[in-house]
Structure formats: C-alpha cells, structure tokens
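Summary of structural features
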Amino acid sequence: MVIRQTTESDFEEVFSLIQSAFGNKKESDLVRRLISDNDVLINLVAESSSVILGNIVVSTINMEPDLGLFCGGIAPLSVLPDQQSSGIGSKLMKAVIKASKKMEIDALFLLGDPDYYNRFGFTVSKIKNDYSVEHFQELELNKGCLVKVKSTVKYASAFLSLGT
Ligand SMILES: CC(C)(COP(=O)(O)OP(=O)(O)OC[C@H]1O[C@@H](n2cnc3c(N)ncnc32)[C@H](O)[C@@H]1OP(=O)(O)O)[C@@H](O)C(=O)NCCC(=O)NCCS
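Predicted, not measured: the structure shown is a model, and the values here were computed from it. (Residues numbered from 1 in each chain as written. Predicted model: local features only at pLDDT ≥ 70, side-chain atom pairs only at ≥ 80, totals over all residues.)

**Quick look at the overall build of the chain**
When you go through the chain residue by residue, the secondary structure sums to 5 helices and 9 strands. Starting at the N terminus and ending at the C terminus, the chain contains elements arranged as β-α-α-β-β-β-α-β-α-β-β-β-β-α. Relative to the 2.2 N^0.38 estimate, which gives 15 Å for 164 residues, the radius of gyration of the chain is 15 Å and therefore close to what a compact globule would have. Per-residue burial for the chain yields a buried fraction of 37% across its 164 residues. The long-range fraction of contacts in the chain, counting pairs at least 24 apart against all pairs at least 6 apart in sequence, stands at 66%. (Helix = DSSP H or I, 4+ residues; strand = E, 2+ residues; numbered from the N terminus. Rg over C-alpha atoms; globule rule 2.2 N^0.38 Å. Buried ≥ 20, exposed ≤ 12 C-beta atoms within 10 Å, placed from the backbone. Contact = placed C-beta atoms within 7 Å.)

Shown next as structure tokens:
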C-alpha cells in the first residue's frame with residue numbers, strides 16, 4: 001500500500017469512497033466544495049493495486065482575531081468499509097501529520113472520537129470554534145503555539161453547508 005497525493009483524476013473515486021465510508025453524501029459534497037473553493041491544504045490517498053482504499057483531507061483554518069498562526073483542519077478521514085480496522089486510517093493520520101510538519105503548519109484541529117485520535121497526540125481543545133463544541137481536538141506541531149490563544153477557530157466556508 002502506498003500513501004500519495006490525491007490527483008484530479010482520483011477525484012470521482014475518492015468522492016465515492018467517502019460516500020461509502022460515511023453512508024451519505026454530506027462529507028463527499030464537503031470535499032467537492034473544499035476543492036472548488038481552493039481551501040484544501042493537503043489531500044492524500046492510500047492506494048493498493050490501483051484501488052483507492054482511504055483518503056484524508058486537511059483544509060484551511062482561520063482564527064479570529066488572526067494571530068498569524070498557520071492552522072489546518074483534518075476532515076474527513078475515510079476508509080472503505082471492508083478495509084476498516086486494518087491500520088489504513090492510522091497510516092493516513094501519520095502521513096498527514098508528517099506532511100503538515102513539512103509545510104510548517106503550526107497546529108491541526110479535528111472533530112472526532114478522542115479515543116481514536118488521542119493515539120496520534122490529539123487532545124481535547126479549549127479553543128472556541130464556530131462549528132461544534134463536542135469532540136473538538138487539537139495537535140500543536142509548533143509546541144506551545146496554542147497555549148494562550150483566545151481567538152475563535154473558523155473552519156472553511158464549505159463546513160457551514162454541512163451543518164452540525
Ligand atoms: C474512522 C476510520 C477512518 C478509522 O480508519 P481505520 O483504518 O478503520 O482505523 P485503523 O485501522 O487505523 O484503527 C482501527 C482502530 O481504531 C479504533 N476506531 C476506529 N474507528 C473508531 C471510532 N469512530 N471511534 C473510536 N475508535 C475507533 C478501533 O479501536 C479500531 O480497532 P479495532 O481494530 O479493534 O476495531 C474508519 O473506520 C472510517 O472511515 N469510518 C467511517 C468514517 C468516519 O467515521 N470517519 C471519521 C470521522 S471524520
């Protein structure tokens with residue numbers, strides 16, 4: 001299995017993978033919109049024998065007021081239903097953290113089950129966001145950069161159409 005950047009020719013296969021992972025079109029529509037809005041920072045696929053088994057997307061996060069931090073939001077993370085629980089999600093998470101460090105992203109945020117994401121170093125965040133209060137987590141790649149942050153995290157506008 002290889003982890004590589006998603007290319008334009010992968011898009012339709014990736015959208016149908018996301019739809020089957022979540023069982024509806026909300027998240028695949030979200031990714032379509034993030035791409036067309038040019039809000040995607042990182043987009044990776046896990047592939048084996050020319051079949052895409054998993055996908056992870058990181059999109060732009062802004063803070064209000066802006067503190068000059070470079071932040072990304074991980075969403076969604078998707079693995080084909082019959083390939084789940086075989087480590088693909090973990091490999092995508094590790095690859096995205098590595099790619100984020102390379103891009104000098106200061107911090108990553110996500111919404112998800114803390115029992116899954118704490119294994120990658122994510123902790124429950126105290127920072128306000130305009131999307132959801134539950135299961136909001138952070139990972140500082142630039143140590144200490146979020147300690148005194150009083151700003152509100154603003155997800156890309158595509159998230160507003162997803163609802164809560
Ligand atoms: C969540 C998801 C991405 C994990 O990917 P994966 O490749 O199955 O995960 P891994 O193989 O790396 O890790 C598996 C372990 O993670 C844990 N895990 C998986 N999904 C979890 C969840 N939603 N909550 C808590 N723990 C979870 C389990 O302990 C599992 O161990 P098991 O083998 O005993 O079942 C995948 O299951 C998926 O696509 N789910 C549907 C879409 C989704 O909910 N995405 C996440 C929200 S953005």
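There's plenty left to go through after this.
**Quick notes on the site of the ligand**
In the vicinity of the ligand lie 18 residues, with Q84, S85, G89, S90 and D113 positioned nearest. Elements with a minimum of two residues in the shell around the ligand: α1 (11-22), β4 (71-79), α3 (88-102) and α4 (114-117). Among the elements that line the shell around the ligand, the one with the most residues is β4, at 5 residues. (Near = placed C-beta within 6 Å.)

**With respect to the nonpolar core**
If you look at the biggest cluster of nonpolar residues, it comprises 44 residues, and the most contacted ones within it are I74, L92, V96, F109 and L110. Look past the residues within four positions of L110 in its chain and what remains in contact with it is G73, I74, A75, Y117, F122 and Q137. (Core = buried A, V, L, I, M, F, W, Y, C linked by C-beta atoms within 7 Å.)

**Some details on α1**
Helix length check: α1 (12 residues) gives 17 Å between terminal C-alpha atoms against 16 Å at 1.5 Å per residue, within 8%. If you check which residues of α1 are buried, you get V14, L17, I18 and A21. Looking straight down α1, one finds that the buried residues subtend no more than 100° of arc, so they occupy a single side. Buried-residue contacts for α1 involve α2 (26-36), β2 (40-48), β3 (51-64) and β4. Two residues or fewer past α1, G23 is found with a positive phi of approximately 75°. (Expected span 1.5 Å × (residues − 1). Arc of directions from axis to C-beta.)

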